[in-house]
Each structure stands twice: as structure tokens, then as C-alpha cells.
Amino acid sequence: MAQEKQTAWELYHSYENFKEKILTDRRFKHSDIVPLIERLKNNKIFKVDKVGKSVEGRDIYLISLGSGKTKVFLWSQMHGDESTATAALFDMFNFFSDDSAFPELKKLILSNLSILIIPMVNPDGAELFQRRNIFEIDLNRDVLGQQTPEAKILKEVFDSLKADFGFNLHDQGRDYSAGNSINPASISFLAPSPDYDKSLTPPREKAMKLIGNMVAVLNEFIPGHIAKYSDDYEPRAFGDNFTKWGTATVLLESGGWRGDREKQFLRKINYIAMLSALNSIASGGYANTDLNVYDSIPRNEKFMMDLILRNLKITRGNTDYVVDIGINFEEININGAKDFYLKAEIEDVGDLSVFAGYEEFDLSGYTVEPGKTKPEPYHSLDELEKINPVQLYRDGYTNVVLKNGDSKGEFTYLPFNIILNQQSFGESKIKPEEAANFIIKKDGEVRFTLVNGFLIDISMIEIWHGNSIVYGK
Ligand SMILES: [Zn+2]
């Protein structure tokens, strides 16, 4: 194990040499990865096959390397908006393409294993950055139904390989925490159950040991941020059936990491996790891992929110009360799902002491009230550009009305919301499911505002980096 940790640290420190620089965020498309796959054909260690097409005709590729007798099958992005591991697979291809670095590790892996990889099982979903395929079917509920070409391809490849090990690579929501800790579940694992009784069959036990081994390695880098996905049996899912059909299957889910919405750090962790797992399968070292390691991984819980404002006072009539306010952002795709803006919603109000925020602010001594809409309308975007936002906030407003002006879209980088149709926008309230626009005061003076979930210190308005919403579009 000490040797495996040492190797993992070397992979960590040399990562930038292998990182695929074409892939810079989560929203890359099939057209971005095809040239990278085609390039692999120039290197004789890779075999590149087309194994079928998506509904919209995008090629799905199987990439093979290694000549060993243990077969390891990895597939990613069955859900189109879960791309972290796909990017890491291309980093891994670069790692194997380079013949100078890590010669012993590569020799061990490639002589003992045959590695088979489908990156981006759901390219049509990736195009729209959505979970489901273009038929709006969740591929991970179609292993039995086989109504989608993508699920058929995955099943056919699986059947043709009868792999010893499988890696089912996904992303999970940012709201998962590692147990009841204040840490996001940045990587969650599961050795899926082969039946409702959650039987401990030999392939499942193998997967558990391998996961225990991966956890021991990853604890070097992300201690306290590893969790275990629910082991409830899902008879329509790939991982559960692959386990039932004899493959030691590991589910790996990339969750959230503070300050890393684009998950580029977690991509690096995926790269280390996969290479470490291949190392350990090739050496057989994983088999020595105690099952207790797997058992003691904390469960995925849902105690994370994007933002928590703590200890704010609300005044209603003659009564004051103190609350925490939790806020989550939704990502809304724009520009053909190549980009996104954020839309905030209040998740909960009250005692949120059991929750943790990706960001938190203690606002003890401050009072909060809903941001109001300025009643006098504006008539052009030019007029809006000239608004002094600090004066707007001091008057209690976070929203303005724009009449007969052309709006720029569904969101704006101005530090206030724009309402196009005043009738459609009621009075703001501080309660769950409402938009998150607040005026925050101390001693009667406005000190902070929250505009679409972005906290603004009004003495530093110029460093605003958020986006507001255009309502009534
Ligand atoms: Zn998924």
C-alpha cells in the first residue's frame, strides 16, 4: 500500500504533463473528443473501434490497450451532463501515449490487463448537456428494456467482453455530503448490489476490496470527502446487472468540491483513482484490502447547499427572529449548452445547523429583508447601464422594471435583476422556493445585498462577478 500511495503522489505531481488541454470545462461535446480519439490511432498501443451510433448518428468508440488476461472495462458519461470522468479518461490516454514516463507502472498495467474503454456513452445527451439521451430516456434504466441504441451498444460490448472488472463512471449532485460532515461527497463509490437482498457475491466482494484500496489511496488527497452511494438494488441499472452477471463493478461518482464548480480538480482525482485502480488490479494488491474499509465509508447524505447565510435577523411587525438561509443555484444552459448562467433559489430558512455550505457567511447582528422592485420603470438598456447600484440597494431595491427596451436574454451581468413584465413578478418573500434577493442591514444602514444568490458587499460593488436574472422573458 505504501508503494501504491507513493505512485499516486507521483501521478498527482506529474498530472499537468498529461492533462488533455483541449478539455477545459465540463461542457465539451462529441465533436471535441472525436479528434482526440482519432489521434490515438497514430499510437500502436491503442486499438480504436467504432461500436455503433447514437440516435443522432454520433459514433460511439471502444478504445482498447494492453494485452493481459484480466479484462477491465471502463465507460463514462452514460448521463450526458456527467463528463468529469470522460475528461480524466483523455488525460489517461495521454499518460499511456507517452513512452518515457512511468515505464514500470505502464509495463505492469499493460502486460497484466486488457483495458477497454467507452468514453461518452451518451454523446447526444452531452450535446445538450442533459442527463438523458435524445429520446429523453435514462440509459441507466435501459439495460433490460434495450430501447435506446446507446444502451444496446453498452450491453453488447459488455456481453462480448465478459470483463473481470467494470468501472461505471458518473457525476452526482453537489448537494451530497460525506455522511453528516461539513464536506461535500466529492467522490462516492458503490459496489452495486446484484439483488434485492444485497447479496455479497464474489464479484461484489472483489469490487468492495478494490474500492477499499482506491479509498486508501484517495484519502491521501481528499480525506473526509469520500462517501458511499446508496446500495439499494436497481434492477434496471447497468452496474447492478453487471455485478449480477459476474463482473466486479465499481460505481464512481464525482460530486462537488469547494471552489471547483467545473470539477477540474476532481477530474485530476478521477485520473489518479483510475490509474491507481489499474495498478492495484494488475499487481493483485487490492485483494489484500480488508472489507472493513469499504464498510466504514460514510454514506452519501444530503447536507450540502451552495450558500448559507447564518444568523440573520428578520423583523416582522414587532417581532424579531433569527434564521439561517440556505440557497442553491441551478445551472441553466445557454449557447447550445456550451455555457451556463446561474439561477438562485432559497432552499430553506430556519435552523440550518446540520447543513454545510460550499460558501458560508456569518451575518450575526445583521437584519435581512426581501429585495424590492423599484416601481418607476426604465425604458432602455442604456438607462439601466447608468444606474448607480449602491443607491438602488440603499433604497431597498434589487430589481428594476424595463419597459419597451430590448432585453439581452434570460440573464444579465448588471448587479440587479431586470423585470420585463411587472405583472408576472409578485412581491419577494424570504421563504423556500423563492428567488434569493435580499437587502442586508446593520444599524439601519445597507451593508450587503444578495442579488440572485450572489452576496455583494456594497463597499466593494466593483468586484461583482455574478449574474442577475431577466424575468418575464
Ligand atoms: Zn449518472
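Sequence order as written defines residue numbering, which begins from 1 separately in each chain. Given that this is a predicted model, residues contribute local features only at a pLDDT of at least 70 and side-chain atom pairs are listed and counted only at 80 or more, while totals for whole chains, interfaces and linings are drawn from all residues. Values reported for side chains reflect all heavy atoms of the structure, with hydrogen atoms and water molecules removed beforehand.

## Concerning the side chain of Lys 29
- Per the convention used, a helix needs a DSSP run of H or I reaching at least four residues, while a strand needs a run of E reaching at least two, with both numbered from the N terminus. With respect to the helices and strands, Lys 29 occurs in the loop between α1 (2-13) and α2 (30-40).
- With no salt bridge to any partner, buried Lys 29 finds its closest opposite charge in Glu 127, at an N-O distance of 5.8 Å. Burial classes: relative accessible area under 20% of the type maximum marks a residue as buried, over 50% as exposed, and values in between as partly exposed (1.4 Å probe, protein chains only). The charge count includes Lys and Arg as positive and Asp and Glu as negative, but it does not include His or the ends of the chains. By definition here, a salt bridge exists when the distance from a side-chain nitrogen of Lys or Arg to a carboxyl oxygen of Asp or Glu is within 4 Å.

## Re helix α9 (residues 264-283)
- Multiply 1.5 Å by the residue count of a helix minus one, and that product is the helix's expected span. Here α9 is 20 residues long and its end C-alpha atoms lie 29 Å apart, about the 28 Å a rise of 1.5 Å per residue gives.
- Directly beyond the C-terminal end of α9, a positive phi value near 80° is found at Gly 284.

## A closer look at the coordination of the zinc ion
- In the first shell of the zinc ion, the protein supplies His 79 (ND1), Glu 82 (OE), Glu 82 (OE) and His 170 (ND1), at 2.0 to 2.7 Å from the metal.
- Only N, O and S atoms count as donors, using a 2.8 Å cut-off from the metal and 3.2 Å for Na, K and Ca, and because water is excluded some sites may appear unfinished. Note on geometry labels: four donors, all angles 85 to 135 degrees, give tetrahedral; four donors become square planar and six octahedral when opposite donors are over 155 degrees apart and every other angle is between 65 and 115; remaining cases are irregular. Coordination at the zinc ion is irregular: its 4 donor atoms span angles of 54 to 150° at the metal.
- Counting gaps between the donor residues of the zinc ion yields the pattern H-x2-E-x87-H.
- Since its relative accessible area comes to 2%, His 79 is described here as buried.

## Notes on the pairing of strand β13 (residues 339-350)
- In this description, strands pair whenever DSSP reports at least two bridges between them. As paired strands, strand β12 (residues 319-334) and β13 are joined by 11 bridges and run antiparallel to one another. Directly across from Glu 330, in β13, lies its bridge partner Lys 343.
- The hairpin formed by β12 and β13 contains 4 residues between the paired strands, and Asn 335 there has a positive phi angle of roughly 50°.

## A closer look at unusual backbone geometry
- At Asn 335, a residue that is not glycine, the phi angle is positive and equals roughly 50°.
- You can see Asn 335 is positioned in the loop between β12 and β13.
- The class of Asn 335 is exposed, set by a relative accessible area of 56%.

## Brief notes about the nonpolar core
- Among buried residues, the Ala, Val, Leu, Ile, Met, Phe, Trp, Tyr and Cys ones that are joined through side-chain atoms within 4.5 Å form a nonpolar core. The biggest cluster of nonpolar side chains holds 74 residues, and the ones touching the most others in it are Phe 96, Ile 115, Phe 167, Phe 189 and Tyr 271.
- Top element by residues in this core is α9. It accounts for 12 residues.
- Every residue pair with non-hydrogen atoms within 4.5 Å of one another is taken to be in contact. In contact with Phe 96, other than residues within four places in its own chain, are Ile 45, Phe 46, Leu 65, Lys 106, Ile 109, Leu 110, Ile 115, Leu 275 and Leu 278.
- Counting 31 residues, the second-largest nonpolar core is a separate cluster that includes Ile 314, Ile 430, Ala 436 and Ile 440.

## Let's talk about the environment of Gly 145
- With respect to the secondary-structure elements, Gly 145 resides in the loop between α5 (123-128) and α6 (149-161).
- A residue is classified by how much of its surface remains accessible, and Gly 145, at 39% relative accessible area, is partly exposed.
- With 180 residues separating them in the primary sequence, Gly 145 and Ile 325 have C-alpha atoms 43 Å apart.

So far we have only geometry, and geometry alone does not tell us how the molecule works.
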